[in-house]
Amino acid sequence: MAMENRFKDKVAVVTGGASGVGHAISRRLLAEGAKVVAADINKDRLDALQAELGDSFVGVKTDVTQEAHVEALVGEAVERFGGLDIAFNVAGASKAGTIINLSEADWDFTVDLCLKGVFLSMKHEAKAMTKRGGGAIVNVASLNAHVPMYSGSAYASAKAGVEMLTKNGALEMARNGIRVNAILPGLIETPLTAGLLQSEEITAAYMERIPMGRAAKPEEMTGPALFLASDDAGYVSGASLLVDGAWATSGYPDLSRWFS
Ligand SMILES: NC(=O)c1ccc[n+]([C@@H]2O[C@H](COP(=O)([O-])OP(=O)(O)OC[C@H]3O[C@@H](n4cnc5c(N)ncnc54)[C@H](O)[C@@H]3O)[C@@H](O)[C@H]2O)c1
């Protein structure tokens, strides 16, 4: 449940803020008093959100794999709202394929977006937060940081990288007053998984493995993510919080019947 003033006048950057988890986080931050600068490649969706959400929300077309874009994004947050306090690095997607079949371009797409994008975001967010005397960064990794997925080598490797990048950030940035943590979601109903979950067979294979027997709604990621950015987590840094309906206790489904 939203706590009305928890992030009153805090300035937040949310990458991937136009859809799914990033969109849910942006809305909850606004409900809790923050100013939100949402970054996404989907300009139309950002424009629609900006029209709906008013002056506390700014959408900035950003490709997180491009350093100049990320630098400009953080610059926009500073210019518009005076600085940066908290950041949620959510943008992500993947191209699937077994290692034998995966093209170099598809590997690069996934790793650049899911891992380099988080590195570039952390780098520029942390510079701005340091000027403000500190802050908090929350990266969105995945259960796949711990558990491999058939045809998902690039994604799982990148997400494992995000978890380590989070710990490295926590180590390096503590002296700047910045905490860095990650959430590791299980299965969430978003546009990213809509295609997959259209198949009853694949959905059943997932549900066999997820002890809570359902996928999460994007909104169910917001409580854990905002907690890590809040003062209640003031002594939490370098942590990985599984938000997966106990899925990590039972392992991943065998997707080899469907993917090659
Ligand atoms: N949906 C799941 O089951 C699930 C599970 C574990 C982890 N995650 C992770 O959660 C995060 C959010 O995923 P989601 O399910 O909300 O997906 P989504 O597709 O709904 O949202 C992702 C957003 O990222 C944006 N994006 C893509 N490439 C970008 C780029 N280069 N620069 C900036 N923005 C870009 C997209 O336009 C989109 O708005 C991802 O990092 C994903 O890997 C999702």
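Coordinates for the structure precede this section.
Described in the following lines is the structure provided in the data block. (Residues numbered from 1 in each chain as written. Predicted model: local features only at pLDDT ≥ 70, side-chain atom pairs only at ≥ 80, totals over all residues. Heavy atoms only, no water.)

**Topic: the site of the ligand**
- In the neighbourhood of the ligand, 27 residues make up the surrounding shell, with S19, V21, D40, Y155 and T190 lying closest.
- A distance of 2.9 Å separates a nitrogen atom of the ligand from a polar side-chain atom of D63.
- The separation between an oxygen atom of the ligand and a polar side-chain atom of K159 is 2.8 Å.
- For the ligand, the protein covers 92% of the area, taking 830 Å² as the surface of the free molecule.
- Those elements giving two or more residues to the shell around the ligand turn out to be α1 (20-31), α5 (153-173) and α6 (191-197).
- With 3 residues, α6 is the largest single contributor of residues to the shell around the ligand. (Near = heavy atom within 4 Å. Polar contact = N/O pair within 3.5 Å; in protein donor to acceptor, adjacent residues only side chain to side chain. Areas by Shrake-Rupley, 256 points an atom, 1.4 Å probe, with all protein chains shown as cover. Helix = DSSP H or I, 4+ residues; strand = E, 2+ residues; numbered from the N terminus.)

**Quick word on the packing of helix α4 (residues 104-132) against α5**
- Between α4 and α5, the least distance of the axes is 8 Å, while the angle of their chain directions is 15°. Of the possible angle classes, the one that applies to α4 and α5 is roughly parallel. As for how α4 packs across α5, the hand of that crossing is right-handed. Residues W107, T110, V111, C114, L115, V118, F119, M122 and A126 of α4 lie in contact with α5, whose contacting residues are S153, A154, Y155, S157, A158, K159, G161, V162, L165, G169 and M173.
- For the contact of α4 with α5, the residue count by class is 14 nonpolar, 5 polar and 1 charged. (Axes fitted to C-alpha atoms, helices over the stretch in contact; angles between N-to-C directions. Parallel < 35°, antiparallel > 145°, perpendicular 65-115°, else oblique. Left-handed = near helix turned anticlockwise from the far one by under 90°. Contact = heavy atoms within 4.5 Å. Nonpolar A, V, L, I, M, F, W, Y, C, P; charged D, E, K, R; others polar.)

**With respect to the layout of surface pockets**
- Roughly 190 Å³ of volume is contained in the second largest pocket.
- Around the second largest pocket sit E71, V74, G75, V78, G82, G83, L84, H124, K127, A128, K131 and R132, which together line it.
- Those elements that provide at least two residues to the lining of the second largest pocket are α3 (67-81) and α4.
- It is α4 that contributes the most residues to the lining of the second largest pocket, 5 residues altogether.
- When grouped by side-chain class, the residues that make up the lining of the second largest pocket number 4 nonpolar, 4 polar and 4 charged. (1 Å grid on protein atoms, 1.4 Å probe; cavity = no way out; pocket = protein on both sides within 12 Å on 5 of 7 lines; lining within 4 Å. Points joined across faces, edges and corners; volume = space filled by probe spheres on them.)

**Section: the sheet that holds strand β1 (residues 11-15)**
- Sheet architecture is open: 7 strands sit in the order β3-β2-β1-β4-β5-β6-β7, paired in parallel fashion. For this open sheet the edge positions go to β3 (57-61) and β7 (240-243), each flanked by a neighbour on one side alone. Taken pair by pair, the neighbouring strands of this sheet meet at an average axis angle of 20°, ignoring direction.
- Relative to strand β2 (residues 35-40), β1 runs parallel, the two being bridged by 5 bridges. Note on β2: the bridge partner recorded for V11 is K35.
- Along the sheet face, α1 touches β1, β2, β3 and β4 (86-89) and points at about 165° away from the line of β1.
- Of the strands in this sheet, β4, β5 (135-140), β6 (178-185) and β7 are in contact with helix α8 (residues 222-229), which crosses β6 at around 165°. (Pairing = 2+ DSSP bridges.)

**Here's the deal with the packing of α1 against α8**
- α8 packs onto α1 with a crossing angle of 60° between their chain directions and a minimal axis gap of 10 Å. One finds that α1 runs oblique with respect to α8. At the point where α1 passes α8, the crossing takes the right-handed sense. Listed contacts from α8 to A24, I25, R28 and L29 of α1 are T222, G223, A225 and L226.
- Of the residues assigned to the contact of α1 with α8, the class counts are 5 nonpolar, 2 polar and 1 charged.

**Concerning the nonpolar core**
- Counting 28 residues, the largest nonpolar core has I25, L29, I86, F88 and I183 as its most contacted members.
- Those elements giving two or more residues to this core turn out to be β1, α1, β2, α2 (43-53), β4, β5 and α8.
- Per-element accounting of this core gives the leading share, 4 residues, to α8.
- If we ignore the near neighbours within four places in the chain, the residues touching L29 are F7, A12, V14, A34, V36, I86, F88 and L226.
- In terms of nonpolar packing, the next biggest core, distinct from the first, is built from 27 residues, V60, A87, I137 and L184 among them. (Core = buried A, V, L, I, M, F, W, Y, C linked by side-chain atoms within 4.5 Å. Buried < 20%, exposed > 50% of the residue type's maximum accessible area, 1.4 Å probe, protein only.)

Taken by themselves, the reported measurements are silent on function.
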